[in-house]
Amino acid sequence: IKEKCPNAKIYFHQTWAYEIDSEHGDFPYYNRDQKEMYRRICDCAEMAKRAIHATILPSGPVVQYLRENAPEFDYKNGALSLNRDGFHLSWEYGRYAAAATWYKVLTGKVPQINAFPDWDAHLIDVIHAAVDTVVQ
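Just so you know, these numbers come straight off a predicted model, no measurement behind them. (Residues numbered from 1 in each chain as written. Predicted model: local features only at pLDDT ≥ 70, side-chain atom pairs only at ≥ 80, totals over all residues. Heavy atoms only, no water.)

Visitor: With reference to specific residues and values, describe the confidence of the model for the protein.
Guide: On average, residues of the protein score 95 in pLDDT, and 100% of them reach the 70 mark or higher. Confidence scores differ between elements of the protein, with helix H4 (residues 121–134) showing the lowest mean pLDDT of 95 and helix H2 (residues 59–69) the highest of 98. (pLDDT = per-residue confidence, 0-100. Helix = DSSP H or I, 4+ residues; strand = E, 2+ residues; numbered from the N terminus.)

So this is what it looks like as structure tokens:
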């Protein structure tokens, strides 16, 4: 990339850990521990950032922040999961959190519009606040 377009800015999409009860076949590599998986993802993202001189798109940290700080997404206590199957992001709020993260990194702004009127506006506000907190 740097050879063909030396002024290009490189981004690295940092993913998220699996849900706490994920049945994904690779989850045992992390002792079926979401926090262990998240820690390893963070370590790998930091290594990639240094190796390719990239800016991190911190979707994983936003998802983890929501899981740990927003009661609305505290799945272990019966709230909504940001995953649809234990590892892919949910069609609604999980993917929206990742998209809002990208938007903030790329533009410096948090989205101000809820383009999905049938979604819970409060949950969108919670996601926006998380993105604004995590992405500096």
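Visitor: Help me get a handle on a nonpolar patch on the surface, residues and values and all.
Guide: Side chains of Tyr11, Trp102 and Leu106 sit close together on the surface and give an oily, nonpolar patch of about 280 Å² of accessible area. Within the secondary structure, Tyr11 sits in strand E1 (residues 11–13). On the basis of relative accessibility, which here comes to 30%, the residue Tyr11 falls in the partly exposed class. (Patch = residues over 30% accessible without salt bridge, like charges linked within 9 Å, V, L, I, M, F, W, Y side chains within 5 Å. Areas by Shrake-Rupley, 256 points an atom, 1.4 Å probe, with all protein chains shown as cover. Salt bridge = Lys/Arg side-chain N within 4 Å of Asp/Glu carboxyl O. Buried < 20%, exposed > 50% of the residue type's maximum accessible area, 1.4 Å probe, protein only.)

Visitor: A description of unusual backbone geometry should follow, citing residues and the corresponding values.
Guide: At Arg32, a residue that is not glycine, the phi angle is positive and equals roughly 50 degrees. By the element assignment, Arg32 lies in the loop between E1 and helix H1 (34–52). Relative accessible area serves as the criterion here: at 37%, Arg32 is assigned to the partly exposed category. Of note in the backbone geometry, His53 takes a positive phi value of approximately 55 degrees without being a glycine. Among the structural elements, His53 can be located in the loop between H1 and strand E2 (55–57). According to the relative accessible area criterion, His53 is exposed, its value standing at 66%.

Visitor: Outline H2, listing residues and values.
Guide: Counting buried positions along H2 gives 8 out of 11 residues, so the element sits mostly inside the fold. Within H2, the full set of buried residues consists of Ser59, Gly60, Pro61, Val62, Val63, Gln64, Leu66 and Arg67. Residues of H2 that are buried sit in contact with E1, H1, E2, helix H3 (93–107) and H4. (Contact = heavy atoms within 4.5 Å.)

Visitor: Could you give an account of H3, with specific residues and numbers?
Guide: Taking 1.5 Å as the rise per residue, H3 with 15 residues should run 21 Å; its terminal C-alpha atoms sit 20 Å apart, in good agreement. Buried residues along H3 sit against H2 and H4. Remark: Gly108 follows H3 within two positions and exhibits a positive phi of approximately 85 degrees. (Expected span 1.5 Å × (residues − 1).)

Visitor: Account for the packing of H2 against H3, with residues named and values stated.
Guide: Two numbers describe how H2 lies on H3: the axes approach to 9 Å, and their chain directions differ by 130 degrees. Taken together, H2 and H3 sit at an angle that is classed as oblique. Helix-helix and strand crossings are classified by hand; for H2 and H3 the assignment is right-handed. Two secondary-structure elements touch here, H2 through Ser59, Val62 and Leu66 and H3 through Ala97, Ala98, Thr101 and Trp102. Its residues placed into classes, the contact of H2 with H3 shows 5 nonpolar, 2 polar and no charged. (Axes fitted to C-alpha atoms, helices over the stretch in contact; angles between N-to-C directions. Parallel < 35°, antiparallel > 145°, perpendicular 65-115°, else oblique. Left-handed = near helix turned anticlockwise from the far one by under 90°. Nonpolar A, V, L, I, M, F, W, Y, C, P; charged D, E, K, R; others polar.)

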